[in-house]
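# Survey of secondary and tertiary structure
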Amino acid sequence: MRLLSLFLLIAASAPLFTAAACPSYSSIFSFGDSLTDTGNLFYSSSDPSNHCFFPPYGQTYFHQPSGRCSDGRLIIDFIAELLGIPMVKPYLGIKNGVLEDNAAKDGVNFAVIGATALNVSYFEGRDVHNVATNYSLTVQLNWFKELLPTLCKSSERCHDILTNSLFLVGEIGGNDLNFPLFVRKSIEEVKTYVPDVINVIASSINELINLGARTLLVPGNFPLGCNTIYLTKYETKDSNQYDSFGCLKWLNEFAKFYNQKLQYEIHRLRKIHPHTNIIYGDYYNAALPLYRYPSKFGFLGLKACCGMGGSYNFNGLKPCGKPGVVACDDPSQYIGWDGIHLTEAAYKLIADGIINGPYSFPQFSNLCFMNVSYGNLNS
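All figures in this text were calculated on a predicted structure; none of them were measured in a lab.

The subject of this paragraph is the side chain of N227. Along the chain, N227 turns up in the loop between β5 (215-219) and α11 (228-233). Assessed through its relative accessible area of 14%, N227 is described here as buried. Side-chain polar atoms of N227 contact the backbone oxygen of I340, separated by 3.1 Å. In this view, N227 contacts G339 and I340; residues no more than four positions away in its chain are not counted.

This next bit is on the state of the cysteines. Going through the model one piece at a time under the given rule, you end up with 4 disulfides. Sulfur-sulfur distance for the disulfide between C226 and C247 comes to 2.1 Å. Between C226 and C247, the disulfide has an S-S torsion of 110° and is therefore right-handed. With C226 in the loop between β5 and α11 and C247 in the loop between α11 and α12 (249-272), this pair connects stretches of sequence that are 21 residues apart. We classify C247 as buried; its relative accessible area is 1%. Two residues share a disulfide in this structure: C305 and C328, whose sulfurs sit 2.0 Å from each other. Residues C305 and C328 share a disulfide whose torsion about the S-S bond is about -95°; that sign makes it left-handed. With a gap of 23 residues between them, C305 in the loop between α13 (283-292) and α14 (344-355) and C328 in the loop between α13 and α14 connect regions that are remote in the sequence. Neither residue differs from the other here; C305 and C328 are each classed as buried.

Moving on to the sheet that holds strand β7 (residues 360-361). Judged by pairing direction, the sheet is mixed, and its 7 strands sit side by side in the order β2-β3-β1-β4-β5-β6-β7 without closing on themselves. Two strands bound the open sheet, and with one partner strand each, they are β2 (89-90) and β7. Bridge count between β5 and strand β6 (residues 277-281): 5 bridges; the pairing is parallel. Bridging from a neighbouring strand, T215 pairs with N277 of β6. This element, helix α6 (residues 137-151), spans β1 (27-31), β3 (107-109) and β4 (165-169) of the sheet and lies at about 150° to β1.

Residue P55 is joined to P56 through a cis peptide bond whose omega torsion reads 10°. A cis amide bond links F361 to the next residue, P362, at an omega of -5°. Structurally, P362 is set in the segment after β7. For D127, which is not glycine, the phi dihedral falls at a positive 60°. Along the chain, D127 falls in the loop between α5 (120-124) and α6. Taking the relative accessible area as the measure of exposure, D127 reaches 51% and is therefore exposed. The phi angle at R184 is positive, at roughly 65°, despite the residue not being glycine.

How each quantity is defined
- The numbering scheme is per chain: residues are counted from 1 as the chain's sequence reads.
- Predicted model: local features are reported for residues with pLDDT of at least 70 only, side-chain atom pairs are reported and counted for 80 or more only, and whole-chain, interface and lining totals are derived from all residues.
- Side-chain metrics in this entry use all non-hydrogen atoms of the structure; hydrogen atoms and water are not considered.
- Under the scheme used here, helices are H or I runs from DSSP no shorter than 4 residues and strands are E runs no shorter than 2 residues, and both carry numbers assigned from the N terminus.
- When a residue's accessible area, from a 1.4 Å probe over protein chains only, is under 20% of the maximum for its type it is buried; when over 50% it is exposed; and in between it is partly exposed.
- Each polar contact in these results corresponds to two N or O atoms within 3.5 Å; when the atoms are within protein, one needs to be able to donate a hydrogen and the other to accept it, and residues that are neighboring in sequence are counted only if both atoms are side-chain atoms.
- We call two residues contacting when some pair of their heavy atoms lies within 4.5 Å.
- In what follows, a disulfide is any cysteine sulfur pair within 2.5 Å.
- Any two strands with at least two DSSP bridges between them are considered paired.
- An axis is simply a line fitted to the C-alpha atoms; with a helix, the fit covers only the stretch in contact. Between two such axes, the angle follows the N-to-C directions and lies from 0 to 180 degrees.

Quick look at the structure:
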């Protein structure tokens, strides 16, 4: 108690803290999809032919494929780096004995490429049959619960681990919207999925808090209308559908609609759990300046680095990682890596905006283990 009082006194007297100093985390537990997966699908062996497992993936940082859908590191890797934590290992790599048992001491990543928040049966009931995996958020949460006895040798140790960990719940839910949009379900229909997606995310947050989580980062969705795969799939000669930066207006409006609904739910959860920190990660506004002012960040524009053909260097039938598909000479000059995922350079800037501000609500620099209830919800 004396230590906490001293900590709060220091916090009150200082105008700004670096993210790594206030608060300090010992580990990260992460849930999500390909934006977060550091190797779970690779170690699952359920899809060994996935294009993310072949060169030129991984060329920038690892110099070989690492199970990540990027040329290098992901947002979670940079968040860990900014918080002074080693890269978070994939759960299935640990469970299958490929990685050492003590790899879990810095946290565990449960995210899987292609994962959805909702179960596959939900989409099958709506005539959406292109969902890639059934590693839903519920499955990932069950993996976490399976791991808890290994982490928690005593109730005191378990409390210390969970209290001092950052739980990254997402980005998840994006594929729940992507898969139906990829098969051209109407935006009106896809909007009806949003409450169900957010409900399962909220349910998982509640369960994690009940298990002992105290700080959770819940990211929203990216500006979909600027993403190469959507710009290719919904390319049109109707200039009114594009904003002045070349992004599809209706898809960005949909992303903002989803993010606003998610923020309303997070706001509600903060009231239910006043002694927890539930942080909204504004991936949308962290990424948007990159698309609008690419030259300011050293980027060239909306085309993908690794791909072939079309206005945006993307062909869904010949994705990056397949024979004959080559990458650009310098991925650091591109926002988009393969038409769906971003480059390491883009992810690094987004992660910095989340941890060091201003794209998290409340901001990490003002957190200090004090829950702040924000009434102004940002889109």
